[in-house]
Amino acid sequence: MRLLTHNMLSSNIKGVMNGFPLRLEVEKSVSKEVEFNSDFLRNMFPKIEWKALVDAARSMGYAELPEEAPESSMLESEEFLMKFHHALLELHLEEGALICPETGRRFPVNKGIPNMLLHEDEV
Amino acid sequence: MLGVDMEPKIEANAVMPSLPSIRAKEEDQQNNRPVSYRMSTRSAQIRLVSSHPEVYEPCDDSFALVDALLADRNNLLEHRPTFCIELGCGSGYVITSLAIMLGQEGAGVSYFATDINPHAVRVTRETLEAHGVHAEVILTDIVSGLERRLVGMGDVIVVNPPYVPTPEDEVGRDGIASAWAGGENGRSVIDRILPIADKLLSERGWLYMLTLAANNPSQICRMMREKGYASRIIVQRSTEEESLHVIKFWRDTEIQVGTKEQITENRTPSEVMESLLSQIPRLAFWRSGSRDS
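Worth saying up front: this structure is predicted, and the values here are computed from it rather than measured. Once a new chain begins, its residue numbering starts again from 1 and follows that chain's sequence as written. Written order determines the labels here, with chains lettered from A and ligands numbered from 1. Reporting of local features is limited, given that this is a predicted model, to residues whose pLDDT is at least 70; pairs of side-chain atoms are given and counted only at 80 or more, and all residues count toward the totals for whole chains, interfaces and linings. Calculated side-chain values reflect all of the structure's heavy atoms, with hydrogen atoms and water omitted.

Caption draft 1: Quick peek at the overall build of chain A. Assigned secondary structure in chain A consists of four helices and four strands. Tracing chain A from N to C terminus, the helices and strands come up as α-β-α-α-α-β-β-β. This radius of gyration counts C-alpha atoms alone. The globule rule is 2.2 Å times how many residues there are, raised to the power 0.38. For a compact globule of 123 residues, the expected C-alpha radius of gyration is about 14 Å, and chain A comes in at 15 Å, within 12% of that figure. Taken over the C-alpha atoms alone, chain A extends approximately 50 × 30 × 20 Å along its principal axes. Partly exposed residues are those whose accessible area sits between 20% and 50% of the maximum for their type, while under 20% is buried and over 50% is exposed, using a 1.4 Å probe and protein chains only. For chain A, the residues scored as buried account for 50% of the 123 residues in total. Residue contacts are counted whenever heavy atoms from the two residues lie within 4.5 Å of one another. For chain A, the share of sequence-separated contacts (at least 6 apart) that also reach a separation of at least 24 residues comes to 68%. Put simply, chain A shows about 6000 Å² of open surface, and 47% of that area lies on carbon and sulfur atoms. In this count, Lys and Arg are taken as positive residues and Asp and Glu as negative ones, while His and the chain termini are left out. Lysine's charge is taken at NZ, arginine's at CZ, aspartate's at CG and glutamate's at CD. Separation of charge centres in chain A, based on 13 positive and 21 negative side chains, amounts to 5 Å. Per the convention used, a helix needs a DSSP run of H or I reaching at least four residues, while a strand needs a run of E reaching at least two, with both numbered from the N terminus. Only the protein chains shown count as covering a residue, and every accessible area follows the Shrake-Rupley method with a 1.4 Å probe.

Structure (structure tokens):
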């Protein structure tokens, strides 16, 4: 599971008001090389919740992203884009869990696939 | 395909008599599939598609959907989608084919595939890996967990839903039955998917959905029209048992303006006119060639 996907996931438990972002529990992570495309990254940038990405990257051991959401001028910086690229697309959570910030419920991640299936009483 | 009254016994690659259009892999490879599937590198290769007894293997309907995408490939490439989503990825045949057809992050495209069946998501991951392409795979009911953040982000959504008319109590069962059991007129899951797809689709988003004649595709198109979508059947295929339609849906601004007019009875004529005038630049943009032809 990439951090792009993590940035798109929220707790789907019934009644949860603040289900985003999910906290990461990392058992096994891996870095997989992905072809760089600056247009794609610039396209993605406005859709990303920046703080969630920074925190998630840090929990995966990557602390190179700026804390503050960059200004749009940063999107011209190749150096910045490469860090954004790496955090968003190349860091993978293979084994671990996503934790609902409100209820603490664990959504397991196995072989890179998050399990967001709810139990009957959570729907 | 008729409704299944008994629990079918499932063995890997077995031919199931009550679902005649599911044929053994080997038979398909020799007889029924067009040359393009044996030799193509533009879509997934059957020999590389992973399998599991509880996961729906690629069949006529999967091939029809991929054929539809291949036929629309030039439009799709021009369209430059950012996010492509498959709802119900099964064996991974369709999402893999789409990723092969349109390219990956280097081409600016990112893929998401979901399925409710834990075996299916694993099989999909294996199929993707075997072809050297990547999609983010999520185990969930349709897009539960993703829907809040992915609102309006789906540039391409593809779905081969469980469309077989079955008794209602067969819908949503664990395992392979979740691949076909569609309840009354095969519409139970389809009717849940459509409003979700409507939320996920971007302004320029395209939805490709497979249906049977039994699902009443014209009624589906009318329902979608009320939500502001134009539609077209881009592939139609009849086997002995069923008639498959692949329908493409896209937002049509003219329909949307019409829909808005219907709910503005309380507005003054000048308010309505102002609303129409504000739509005109978009209409011009649509007419100038970005509309699906």
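Caption draft 2: Quick look at the overall build of chain B. Broken down by element type, chain B carries 10 helices and seven strands. Here chain B holds 293 residues, and 56% of them are scored as buried. The long-range fraction of contacts in chain B, counting pairs at least 24 apart against all pairs at least 6 apart in sequence, stands at 72%. As displayed, chain B offers around 12700 Å² of accessible surface, 51% of which is attributable to carbon and sulfur atoms.

Caption draft 3: How the structure looks around the packing of helix α3 (residues 50–59) of chain A against helix α4 (residues 78–90) of chain A. Residues and elements named next belong to chain A. Every angle, taken between N-to-C directions, lies between 0 and 180 degrees, and every axis is a line fitted to C-alpha atoms, over only the stretch in contact when it is a helix. Two numbers describe how α3 lies on α4: the axes approach to 10 Å, and their chain directions differ by 70 degrees. Classified by the angle their axes make, α3 and α4 are roughly perpendicular. In this structure, α3 contributes Trp50, Leu53 and Ala57 to the contact, and α4 contributes Phe80, Phe84, Ala87 and Leu88. Looking at the contact of α3 with α4 residue by residue, the class counts come to seven nonpolar, no polar and no charged. Each angle receives one of four descriptions, namely roughly parallel if under 35 degrees, roughly antiparallel if over 145, roughly perpendicular if within 65 to 115, and oblique otherwise. Gly is placed with the polar residues, together with every amino acid not listed as nonpolar (Ala, Val, Leu, Ile, Met, Phe, Trp, Tyr, Cys and Pro) or charged (Asp, Glu, Lys and Arg).

Caption draft 4: View of the interface of chain A and chain B. In this assembly, 31 residues from chain A lie in contact with 27 residues from chain B. Roughly 2500 Å² of surface becomes buried between chain A and chain B when both sides are summed, with 58% attributable to carbon and sulfur atoms. In the sections that follow, a salt bridge refers to a side-chain nitrogen of Lys or Arg positioned within 4 Å of a carboxyl oxygen of Asp or Glu. The tally of links from chain A across to chain B stands at one salt bridge. With a closest N to O distance of 2.9 Å, A:Arg2 and B:Glu105 form a salt bridge. Contacts described as polar in this section are N or O atom pairs within 3.5 Å, which, within protein, must combine one atom able to donate a hydrogen with one able to accept it, while residues neighboring in sequence count only if both atoms come from side chains. At the boundary of chain A with chain B, the tally comes to 13 residue pairs in polar contact (both at pLDDT 80 or more). Accessible area that two parts lose when put together, evaluated with a 1.4 Å probe and summed over both, is termed the buried area.

Caption draft 5: Here's a closer look at the sheet that holds strand β2 (residues 110–115) of chain B. Residue and element names in this part refer to chain B. An order of β3-β2-β1-β4-β5-β7-β6 is seen for the seven strands of this open sheet, with the pairing classed as mixed. Of all strands in the sheet, those bounded by a partner on one side alone are β3 (136–139) and β6 (229–238). Averaged over neighbouring strand pairs, the angle between their axes works out to 15 degrees when direction is ignored. Those strands touched by helix α8 (residues 217–226) are β5 (201–212), β6 and β7 (243–251), and its axis lies near 10 degrees from that of β7. Between any two strands, at least two bridges found by DSSP are needed for them to pair.

Caption draft 6: Structural detail: the sheet that holds strand β1 (residues 23–31) of chain A. All names here are of chain A. The antiparallel open sheet is built from four strands, whose spatial order is β1-β2-β3-β4. What marks the edges here is a single partner per strand, and that holds for β1 and β4 (113–114). Bridge count for strand β3 (residues 106–110) against β4 is two bridges, and the pairing is antiparallel. Residue pairing in the sheet places Asn110 in a bridge with Ile113 of β4.

Caption draft 7: Quick look at the side chain of B:Ser202. Assignment of secondary structure puts B:Ser202 in strand β5. When neighbours within four sequence positions are excluded, B:Ser202 is seen to be in contact with B:Gly152, B:Met153, B:Gly154, B:Asp155 and B:Arg251.

Caption draft 8: Structural detail: the state of the cysteines. Residue and element names in this part refer to chain B. Two cysteine sulfur atoms make up a disulfide if the distance between them is within 2.5 Å. Taken as a whole, this structure holds zero disulfides over all chains when the rule is applied. Here Cys59 stays free of any disulfide, with the sulfur of Cys89 as its closest cysteine sulfur at 15 Å. Its sulfur unpaired, Cys89 is 14 Å from the next cysteine sulfur, which belongs to Cys84. Its relative accessible area of 3% is what places Cys89 among the buried residues.

Caption draft 9: Representation of the packing of aromatic side chains in the model. Residue and element names in this part refer to chain A. The aromatic pairing rule takes the rings of Phe, Tyr and Trp, using the six-membered ring of Trp, and pairs them if the centres are within 6.5 Å, calling planes under 30 degrees apart stacked, those over 60 edge-to-face and the rest tilted. Summed over the entire model, instances satisfying the criterion amount to eight aromatic pairs over all chains. Note on Trp50 and Phe80: the rings are 5.7 Å apart at their centroids and 35 degrees apart in plane angle, and the pair reads as tilted. Here Trp50 is found in helix α3, whereas its partner Phe80 is found in helix α4, with 30 residues between them in sequence. There is no split in this pair, since Trp50 and Phe80 are both buried. A connected cluster of aromatic rings, assembled from ring pairs, spans Phe45, Trp50, Phe80 and Phe84.

Caption draft 10: Quick look at α8(B). All names here are of chain B. Listed in full, the buried residues belonging to α8 are Pro217, Ile220, Cys221 and Met224. Buried residues along α8 cover an arc of 100 degrees about the axis, so they all sit on one side. In α8, the exposed positions that point more than 90 degrees away from the buried face belong to Arg222 and Glu226. Structurally, α8 contributes buried residues whose contacts are with α7 (188–200), β5, β6 and β7. Two residues or fewer after α8 comes Gly228, characterised by a positive phi angle close to 100 degrees. This arc is built from the directions going out from the helix axis to the C-beta atoms.

Treat this as a map of the structure, not an account of what it does.
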